[in-house]
Each structure stands twice: as structure tokens, then as C-alpha cells.
Amino acid sequence: MTMSWYPIINYDNCIECGACINKCTHGVYEKESTKPNVIYPEGCIDRCRGCQALCPAEAIQYNGDTGGIQITCSCGSC
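If you're wondering where the values come from, they're calculated on a predicted model, not measured in any experiment.

Participant: Looking at this structure, how should I read unusual backbone geometry?
Facilitator: Comment: phi is negative for the bulk of residues other than glycine, and the bulk of peptide bonds are trans. At Arg47, a position not held by glycine, the phi torsion is positive, near 75°. Within the element layout of this structure, Arg47 appears in the loop between α1 (19-23) and α2 (50-54). With a relative accessible area of 24%, Arg47 lands in the partly exposed category. The phi dihedral of Glu58 is positive, around 50°, even though this residue is not glycine. One can find Glu58 in the loop between α2 and β2 (60-63). For Glu58, a relative accessible area of 66% gives the class exposed.

Participant: I'm lost on the packing of aromatic side chains in this one. Help?
Facilitator: Any pair of aromatic rings gets described here by the distance separating the centres and the angle formed by the planes. In the structure shown here, the tally under the stated rule is one aromatic pair. Their ring planes at 5° and their centres at 4.7 Å tell us that Trp5 and Tyr62 sit as a pair that is stacked. Taken together, the residues span a long stretch of sequence, with Trp5 in the segment before β1 (6-9) and Tyr62 in strand β2 at a distance of 57 residues. Summarising the burial analysis for this pair, Trp5 and Tyr62 share the class buried. Of note, Lys35 hangs over the ring of Tyr11, and the distance from its end group to the ring centre comes to 4.7 Å.

Participant: How should the environment of Cys44 be read in this particular structure?
Facilitator: Positionally, Cys44 belongs in the loop between α1 and α2. You can call Cys44 buried: its relative accessible area is 8%. In sequence terms Cys44 and Gly27 are 17 residues apart; their C-alpha atoms lie 8.1 Å from each other.

Cut-offs used in this document
In this numbering scheme, every chain counts its residues from 1 along its sequence in written order. Restriction of local features to residues with pLDDT of at least 70 applies here, the model being predicted, together with a cutoff of 80 or more for giving and counting side-chain atom pairs; totals for whole chains, interfaces and linings are based on all residues. No hydrogens and no water enter the side-chain calculation; it runs on all heavy atoms of the structure. Starting at the N terminus, helices and strands are each numbered in turn, a helix being any DSSP run of H or I of at least four residues and a strand any DSSP run of E of at least two. Buried means the residue's accessible area, taken with a 1.4 Å probe over protein chains only, is under 20% of the maximum for its type, while exposed means over 50%, and partly exposed covers the values in between. Only rings of Phe, Tyr and Trp enter the pairing, Trp through its six-membered ring, and a pair is recorded when the two centres are within 6.5 Å. The plane angle decides the type: under 30 degrees is stacked, over 60 is edge-to-face, the rest tilted. Our definition puts a charge over a ring when NZ of Lys or CZ of Arg is within 6 Å of the ring centre and also within 35 degrees of the ring normal.

Right, dumping it as C-alpha cells:
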């Protein structure tokens, strides 16, 4: 878990479907909202793109993304 890798939401593109909120089991997003508010960025797993892969609006980018190696999170839910 890192503070150099976390989701940044483009609210102009976001359709508030909740896919990212429901996907993430690391507490990154506020659960009481359909709007994906990042409340615990340090919970995001470095190089995990689980929520981005599910976003139908392509509204998720990552702080620290250099286009390099991607990982599959070992938690089994990413």
C-alpha cells in the first residue's frame, strides 16, 4: 500500500455507477456514496488497476502512473 499510487477520478466523465466503490475492498472509496470519493488513498495497492478496469466511463486514472508494470493484487478481489 502506498501514497504514490491511488485513483484520481475525472468527475466530468464519471457516471456514478458505483463499480469502483463496490470493487475495492481496501477502503479507498467512501462506501456511503455513489460518487467515488477517495477517502483512504494509502489503501490502494501499488500498480493495481482493478477499479479502473471496471469503469465503463474510463473516468479513473492513477497518481504515479507512468504506464509501466501492472500487477494483480493478491487480495483476490482486484
